[in-house]
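Residue strings, one per chain:
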Amino acid sequence: MADMQLAATVAGRGLDVEFSVAAGEVLAILGPNGAGKSTALHIIAGLLWPDTGKVLVGGRTLTDTAANIQIATHRRRVGLLLQDPLLFPHLNVVENVAFAPRAHGVGRRGSATIAMRLLEDVGMAEAAHSRPAELSGGQAQRVAIARALAAEPDVLLIDEPLAGVDIGVATAVRGALRRVVAKQGRSTVLVTHDLLDVLALADKVLVLESGRASQSGPVAEVLAAPRSQFGAQIAGVNLVGGTVAGPGVLRSPSGALWHGIPAEDIERDQPAVAVFPPTAVAVYRDFPHGSPRNVAQTTVAEVTAVGGTVRVRGVEQPGGGAALAADITVGAAAELRLASGDQVWLSVKATEVRLHRISHSAVDSL
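Notes on the structure follow. Everything numeric here is computed off the predicted structure, so don't read it as measured data. (Residues numbered from 1 in each chain as written. Predicted model: local features only at pLDDT ≥ 70, side-chain atom pairs only at ≥ 80, totals over all residues. Heavy atoms only, no water.)

The next thing to look at is the pattern of salt bridges. Per the stated rule, a full pass over the model turns up 7 salt bridges. In this structure, Asp 154 and Arg 60 form a salt bridge, with 3.4 Å as the shortest nitrogen-oxygen distance. Of this pair, Asp 154 sits in the loop between helix 4 (137–150) and strand 8 (155–159) while Arg 60 sits in strand 5 (residues 60–64); the two residues are 94 residues apart in sequence, bridging distant segments of the chain. Taking the relative accessible area as the measure of exposure, Asp 154 reaches 17% and is therefore buried. Classification of Arg 60 as partly exposed rests on a relative accessible area of 30%. (Salt bridge = Lys/Arg side-chain N within 4 Å of Asp/Glu carboxyl O. Helix = DSSP H or I, 4+ residues; strand = E, 2+ residues; numbered from the N terminus. Buried < 20%, exposed > 50% of the residue type's maximum accessible area, 1.4 Å probe, protein only.)

Structural data, given as structure tokens:
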């Protein structure tokens, strides 16, 4: 198996990104719509010529703008799995999967053997002789996974394969992906909005915002300490951006000070974020007194039920930061009787806040 490296810019789409995926590793790319996630995949697949950049897979150069190298898509050994399965309607399931090995010169019997093995891997062997029109959406997507792998790609690109699929179907398709990705051991890049996809499939995460990587690293590390608005939204935590004002103190763009525990060495004036869970936030009608060192006033944007708790979400922070959220008990919500437009105070103990440094390039994503 081969590793994959991408470094590319596309000025018209605001993309300037660089990342690598080790052989057998799954990298999940997260980011809001328009961040450049699909653009990055299209460059790797050879569907888009970047303004500048390179795509390397193992020892092969697939794209090199400086050397004017652009290997054709069908010669890249890169598999692309999209939200739409795009199965050939005139072929049955096993013929769809066998198409790629047949196109590479494998005989009819050999390609059928390869196809049946992959259909077994994704749990679709019993539907081998069905037509695509007879399949459900989840079944068609599992066949598409088998077909993508039948070409024996060095790199597998997966672009939102479960978007718009109901929960039960998504679970089955996700399980099929997990089995084949682990078994095949190929370098895989997964574009998704779903945290469950990340947790079930990915080894590492790259958060892409406004065409640039705002954070990357192992899944547990990124989700435990998100350093961008979108990363915090995905992880379900609060995030306040700013600069370090002193030991254990962050100053937000509005001038407010947030006290917390540094998770690493951070120097004064360095860009940083304060991260804390909604469960650590208390909500008051009046300015709170007592032990909390972090207090912020906000306007309630919405109040919703989340499981056995009530989530209170404020409006956007001063300076354009993401809205803060608090998870409170049903009893507390009943006592406060909050509604959209109410003014409230949020408080968080310093011991619940973690301060993390961020790169200067990630500041724009906050």
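Looking at the secondary structure, you find Gly 36 in the loop between strand 3 (26–30) and helix 1 (37–45). Assessed through its relative accessible area of 11%, Gly 36 is described here as buried. Along the sequence, Gly 36 and Thr 299 sit 263 residues apart, while their C-alpha atoms lie 33 Å from each other. Among all residues touching Gly 36, those that are not within four sequence positions of it are Leu 15 and Leu 208. (Contact = heavy atoms within 4.5 Å.)

Interhelical geometry of helix 2 (residues 93–103) versus helix 4 gives an angle of 20° and a closest axis separation of 7 Å. Here helix 2 is positioned roughly parallel relative to helix 4, judged by the angle of their axes. Along this stretch, helix 2 crosses helix 4, giving a crossing that reads as right-handed. Counting all contacts with helix 2, which are made through Val 93, Asn 96, Val 97, Ala 100 and Pro 101, the residues of helix 4 involved are Val 143, Ala 146, Arg 147 and Ala 150. A breakdown of the residues in the contact of helix 2 with helix 4 according to their chemical character gives 7 nonpolar, 1 polar and 1 charged. (Axes fitted to C-alpha atoms, helices over the stretch in contact; angles between N-to-C directions. Parallel < 35°, antiparallel > 145°, perpendicular 65-115°, else oblique. Left-handed = near helix turned anticlockwise from the far one by under 90°. Nonpolar A, V, L, I, M, F, W, Y, C, P; charged D, E, K, R; others polar.)

In this structure, Val 97, Leu 119, Leu 135, Val 143 and Ile 145 are the most contacted members of the largest nonpolar core, which totals 47 residues. Residues within four places of Val 143 in sequence aside, it is in contact with Leu 87, Val 93, Val 97, Leu 119, Met 124 and Leu 135. Core analysis: the next-biggest nonpolar cluster, separate from the first, contains 28 residues, Leu 15, Ala 45, Val 78 and Leu 208 among them. (Core = buried A, V, L, I, M, F, W, Y, C linked by side-chain atoms within 4.5 Å.)

Bringing the packing of aromatic side chains into the picture now. Under the definition given, this model contains 3 aromatic pairs. Between Phe 88 and Phe 99, the ring centres sit 4.9 Å apart and the planes meet at 55°, which makes this aromatic pair tilted. Residue Phe 88 is located in the loop between strand 7 (78–81) and helix 2, and its partner Phe 99 is located in helix 2; the two are separated by 11 residues in the primary sequence. Judged by centre distance (5.4 Å) and plane angle (15°), the rings of Trp 258 and Phe 276 are stacked. Taken as a pair, Trp 258 in strand 14 (residues 257–259) and Phe 276 in strand 16 (residues 271–276) lie far apart in primary sequence, 18 residues in all. Neither Trp 258 nor Phe 276 differs from the other in exposure class; each is buried. Residue placement shows Arg 147 over the ring face of Phe 88; its charged tip is 5.2 Å from the ring centre. (Phe/Tyr/Trp six-rings, centres within 6.5 Å; stacked < 30°, edge-to-face > 60°. Lys NZ or Arg CZ within 6 Å of the ring centre and 35° of its normal.)

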